[in-house]
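# What the coordinates show
Here is what each chain is made of, one letter per residue.
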Amino acid sequence: MRTVHTVAELRAQLAAWRTAGERIAFVPTMGNLHAGHIELVRQGRQRAQRVVASVFVNPLQFGVNEDFGRYPRSLPQDAAQLITAGCDLLFAPGVEEVYPQGVGATTVRVAGVTEMLEGEFRPGHFDGVATVVNILFNLVQPDVALFGQKDYQQLAVIRRMVADLRLPLEVVGVPTLRAEDGLALSSRNQYLSAEERARATTVHRVLSRIAEGLRAGRRDYEVLQSEAALTLQRAGFRPQYVAIRSAELLEPAASATDWVVLVAAFLGTTRLIDNLVVAAG
Ligand code: PAF
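Structure report, in brief. All figures in this text were calculated on a predicted structure; none of them were measured in a lab. (Residues numbered from 1 in each chain as written. Predicted model: local features only at pLDDT ≥ 70, side-chain atom pairs only at ≥ 80, totals over all residues. Heavy atoms only, no water.)

Attention shifts here to the overall build of the protein chain. When its secondary structure is counted, the protein chain shows ten helices and nine strands. In summary, the protein chain has a C-alpha radius of gyration of 19 Å against a globular reference of 19 Å for 281 residues, a match within 12%. Counting only C-alpha atoms and orienting by the principal axes, one finds that the protein chain spans roughly 55 × 40 × 35 Å. The buried share of the protein chain, taken over its 281 residues, is 53%. Counted over contacts in the protein chain with a minimum sequence separation of 6, partners at least 24 positions apart contribute 71%. Per element, the accessible surface of the protein chain, about 13100 Å² overall, is 51% carbon and sulfur. A gap of 1 Å separates the mean positions of the 29 positive and 29 negative side-chain charges of the protein chain. (Helix = DSSP H or I, 4+ residues; strand = E, 2+ residues; numbered from the N terminus. Rg over C-alpha atoms; globule rule 2.2 N^0.38 Å. Buried < 20%, exposed > 50% of the residue type's maximum accessible area, 1.4 Å probe, protein only. Contact = heavy atoms within 4.5 Å. Areas by Shrake-Rupley, 256 points an atom, 1.4 Å probe, with all protein chains shown as cover. Lys, Arg positive; Asp, Glu negative; His and termini not counted. Charge placed at Lys NZ, Arg CZ, Asp CG, Glu CD.)

Here's what the structure looks like:
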């Protein structure tokens, strides 16, 4: 695997592959990689001859209370994992390489899927995500890009952006990898104490319980959501939302053919998010 830090080096390498007629898969990340990211690379390999990953901690998607400076940076360890996964090229640019004219003068806003849920608690976050992903897509020009379904709303935002801006690439959502006890793999799990880690399984449990209720014919969405929030509170969480929405556009549950159940909750100082898709059957 080659590691490059500049757009010029990135473009030169990509041009050579394209001239050779090779398909390019792209896995954008903010580093601090875990098995979930590696699965994205692995699936990229199945869809293209070349896999490019980026590690870029994007200042534009951090809110004022979210510490951009303290976000973990672990490039040597990330590179080692990417090599093992079979990644061909790592693009690890600095902020000035991605935003040479300064951060945030031009932004991409995807209306409709960004205002609620994560958007309510992290204002501006998805503008930052959509903007940087759009820039990275322009730099890499991949045939296919892979994102984890764990960030379900992010995936919906990116799909919508790609459709609206007519970007010529396929977006693939990869199912969430989970620990044996159901906890979704996430960079944030490392912040949990051993005792919190044990309690964190409650998130997947409440999601599964709602899924069972929906499959059994329950349509009292508000009650299902409130019951789940209460269970989380009793387990020591501070839930921000438990929401049953349509799986495709995150619209109100009543209009859904398939649902997605989404949760965001603090456990101590760690914010966990997770979701489960439920087919209406
Ligand atoms: O999911 C992430 O790691 C980031 O939001 C992304 C898509 C790499 C954009 O910075």
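Let us look at helix α3 (residues 75-85). All buried positions along α3 are accounted for by Asp78, Ala79, Leu82 and Ala85. Along the long axis of α3, the arc covered by the buried residues comes to 120 degrees, so they all point the same way. α3 presents Pro76 and Thr84 as exposed residues on the side facing more than 90 degrees away from its buried surface. Turning to α3, the residues buried within the fold contact α2 (35-47), β3 (50-55) and β4 (89-91). Immediately beyond the C-terminal end of α3, within one or two residues, lies Gly86, with a positive phi of roughly 90 degrees. (Arc of directions from axis to C-beta.)

Turning to the pattern of salt bridges, a few remarks are in order. Under the counting rule described, the total for this entry stands at 13 salt bridges. Salt-bridge contacts for Glu22 lead to Arg50; the nearest nitrogen and oxygen are separated by 2.9 Å. Separated by 28 residues along the polypeptide, Glu22 in the loop between α1 (7-19) and β2 (24-29) and Arg50 in strand β3 bring together distant segments of the chain. For Arg50, a relative accessible area of 22% corresponds to the partly exposed category. (Salt bridge = Lys/Arg side-chain N within 4 Å of Asp/Glu carboxyl O.)

Moving on, we get to the sheet that holds strand β7 (residues 238-246). Strand order in this open sheet of three strands is β7-β8-β9, and the pairing throughout is antiparallel. The strands lining the two open edges of the sheet, one partner per strand, are β7 and β9 (270-279). The sheet shows a mean angle of 10 degrees between the axes of neighbouring strands, direction not considered. As paired strands, β7 and strand β8 (residues 258-267) are joined by eight bridges and run antiparallel to one another. Within the sheet, the bridge partner assigned to Ser246 lies in β8 and is Trp259. This element, helix α10 (residues 221-234), spans β7 and β8 of the sheet and lies at about 155 degrees to β7. (Pairing = 2+ DSSP bridges. Axes fitted to C-alpha atoms, helices over the stretch in contact; angles between N-to-C directions.)

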